[in-house]
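Observations on the model geometry
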Amino acid sequence: MRIDVVTIFPEYLGPLDLSLIGKARDSGLLDVGVHDLREWTHDVHRTVDDTPYGGGPGMVMRPEPWGEALDALAPEGGARLVVPTPAGQVFSQAMAHELAAEPRLIFACGRYEGIDQRVLDHAASRMPVTEVSLGDYVLFGGEVAVLVMCEAIVRLLPGVLGNADSLAEESHANGVLEAPVFTKPPEWRGHPVPEILRSGDHGRIARWRRDEALLRTAQRRPDLLAALDPGILDKRDVAL
Ligand SMILES: N#Cc1c(-c2ccc3ccn(Cc4ccc(CN5CCCCC5)cc4)c3c2)n[nH]c1N
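Residues numbered from 1 in each chain as written. Predicted model: local features only at pLDDT ≥ 70, side-chain atom pairs only at ≥ 80, totals over all residues. Heavy atoms only, no water.

**Some details on the overall build of the protein**
Looking only at helices and strands, one finds 9 helices and 9 strands in the protein. Here the C-alpha radius of gyration of the protein, 22 Å, is well above what a compact globule of 240 residues would show, namely 18 Å. The 240 residues of the protein split such that 39% are buried. Of the contacts formed within the protein by residues at least 6 apart in sequence, a portion of 74% connects residues at least 24 apart. Split by element, the accessible area of the protein, about 13900 Å² in all, is 55% carbon and sulfur. (Helix = DSSP H or I, 4+ residues; strand = E, 2+ residues; numbered from the N terminus. Rg over C-alpha atoms; globule rule 2.2 N^0.38 Å. Buried < 20%, exposed > 50% of the residue type's maximum accessible area, 1.4 Å probe, protein only. Contact = heavy atoms within 4.5 Å. Areas by Shrake-Rupley, 256 points an atom, 1.4 Å probe, with all protein chains shown as cover.)

So this is what it looks like as structure tokens:
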């Protein structure tokens, strides 16, 4: 997979060099390019914003630099343009899987009050465009959202996570939250590890984890429980 990110704050994307994303890049599983939008400005002040037509607060990002940036990065299309925005569809694990299947993504990081809509409309003539929101709260710009989405997407790429099993069991992978986790010591500040986890009885351990996961989901995310396919619940779950 190749990911390109266009931003006026390239240093914000420094974390894309670190940890598992950095390892994915080093191992050739992922190519990443971070580009300063101001490369595509031509005035002495390297201007990327202007006042909004129709009035309103703040400034809007000018279309010209974005148009030239996307022309340079994807002259023939061949990528999905992902644009973080408060007005986007909410990002989810399902969307992470969809985006992880793309050969190439270009993330457009807006600032100010957003990017001139014509940039997205024009790009849509040669590539799919997806406007995405992290959730119902307001950020200063798209960079943080891109870091979150890149982490969620890259960890799904084959070969990135050593133990593929962890993908199957994690929250939002099978519609319920995961069970609590524990490690040594067996007791810590008066808190013991649940005895069953040290019993070696893998059948009972799996059942305990299932019960804990359903309990947590019922307590914290009843919306997920309501959306569960009844087919994945067995009669013992119903008794819970
Ligand atoms: N993903 C994601 C996000 C973002 C996000 C993503 C990308 C950009 C680019 C710029 N901003 C700042 C901003 C802040 C408020 C408004 C709304 N204004 C209201 C008054 C009239 C004008 C529009 C627009 C733009 C961004 C915010 N916020 N929250 C998420 N989950």
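**Topic: the domain arrangement of the protein**
The domains assigned to the protein are domain 1 (2-154) and domain 2 (164-232). Taking the mean C-alpha position of each, domain 1 and domain 2 sit 36 Å from one another. (Domains from an automatic or database assignment.)

**Digging into the sheet that holds strand 5 (residues 80-90)**
The 5 strands are arranged 2-1-6-5-7 in an open sheet whose pairing can be described as parallel. In this open sheet, the two edge strands, each paired with only one partner strand, are strand 2 (31-36) and strand 7 (129-133). Between one strand axis and the next, the sheet turns by 30 degrees as a mean value, whatever way the strands run. As paired strands, strand 1 (residues 2-7) and strand 6 (residues 104-108) are joined by 5 bridges and run parallel to one another. (Pairing = 2+ DSSP bridges. Axes fitted to C-alpha atoms, helices over the stretch in contact; angles between N-to-C directions.)

**Focus on helix 3 (residues 93-100)**
Side chains three or four residues apart in an α-helix point the same way, a direct result of the helix having 3.6 residues per turn. Among the residues making up helix 3, those that are buried are Met95, Ala96, Leu99 and Ala100. Buried residues of helix 3, seen end-on, are gathered within an arc of 140 degrees and therefore sit on one face of the element. (Arc of directions from axis to C-beta.)

**Quick look at the pattern of salt bridges**
A full pass over the atoms with the stated rule returns 10 salt bridges. Ionic pairing is found between Arg62 and Glu64, a salt bridge with its closest N-O pair at 3.5 Å. Measuring nitrogen to oxygen at the nearest pair gives 2.7 Å for the salt bridge that ties Arg221 to Asp223. Exposure remark for Asp223: the relative accessible area of 43% places this residue in the partly exposed category. It is possible to trace a salt-bridge network through shared partners that takes in Arg2, Asp4 and Arg104. (Salt bridge = Lys/Arg side-chain N within 4 Å of Asp/Glu carboxyl O.)

**Quick look at unusual backbone geometry**
Each neighbour pair has its own omega, and for Lys184 with Pro185 the value is 5 degrees, a cis peptide bond. Along the chain, the position of Pro185 falls in the loop between helix 6 (164-169) and strand 8 (187-188). Residue Arg46 is not a glycine yet carries a positive backbone phi of 55 degrees. Turning to its location among the elements, Arg46 is positioned in the loop between strand 2 and strand 3 (49-50). The backbone phi angle of Arg189 is positive, close to 50 degrees, even though this residue is not glycine. Relative to the assigned elements, Arg189 resides in the loop between strand 8 and strand 9 (191-192). Residue Arg189 is classed as exposed on the basis of its relative accessible area, which comes to 70%.

**Some words on helix 1 (residues 19-26)**
Within helix 1, the full set of buried residues consists of Ile21, Gly22 and Ala24. Each buried residue of helix 1 lies within a common arc of 160 degrees when the element is viewed along its axis, so the set occupies one face. Facing away from the buried side of helix 1 by more than 90 degrees, the exposed set consists of Ser19, Lys23 and Asp26. Its buried side turned inward, helix 1 meets helix 5 (143-154).

**Digging into the confidence of the model for the protein**
Mean pLDDT over the protein stands at 93; residues scoring 70 or higher make up 92%. Quick note on the complex model: pTM equals 0.92, ipTM equals 0.96. (pLDDT = per-residue confidence, 0-100.)

**Points about the site of the ligand**
By nearness alone, 18 residues border the ligand, and Glu113, Leu134, Gly135, Tyr137 and Leu139 come closest of all. Between the ligand and Glu113, the relevant distance is 3.0 Å, taken from a nitrogen atom to a side-chain nitrogen or oxygen of the residue. Coverage of the ligand by the protein amounts to 75% of the 640 Å² it exposes when considered alone. Most atoms of the ligand, that is more than half of them, are within 2 Å of grid points of the largest pocket. For the shell around the ligand, the secondary structure elements donating two or more residues are strand 5 and strand 7. The element that contributes the greatest number of residues to the shell around the ligand is strand 5, accounting for 3 residues. By residue class, the composition of the shell around the ligand is 10 nonpolar, 6 polar and 2 charged. (Near = heavy atom within 4 Å. Polar contact = N/O pair within 3.5 Å; in protein donor to acceptor, adjacent residues only side chain to side chain. 1 Å grid on protein atoms, 1.4 Å probe; cavity = no way out; pocket = protein on both sides within 12 Å on 5 of 7 lines; lining within 4 Å. Sits in = over half its atoms within 2 Å of the grid points. Nonpolar A, V, L, I, M, F, W, Y, C, P; charged D, E, K, R; others polar.)

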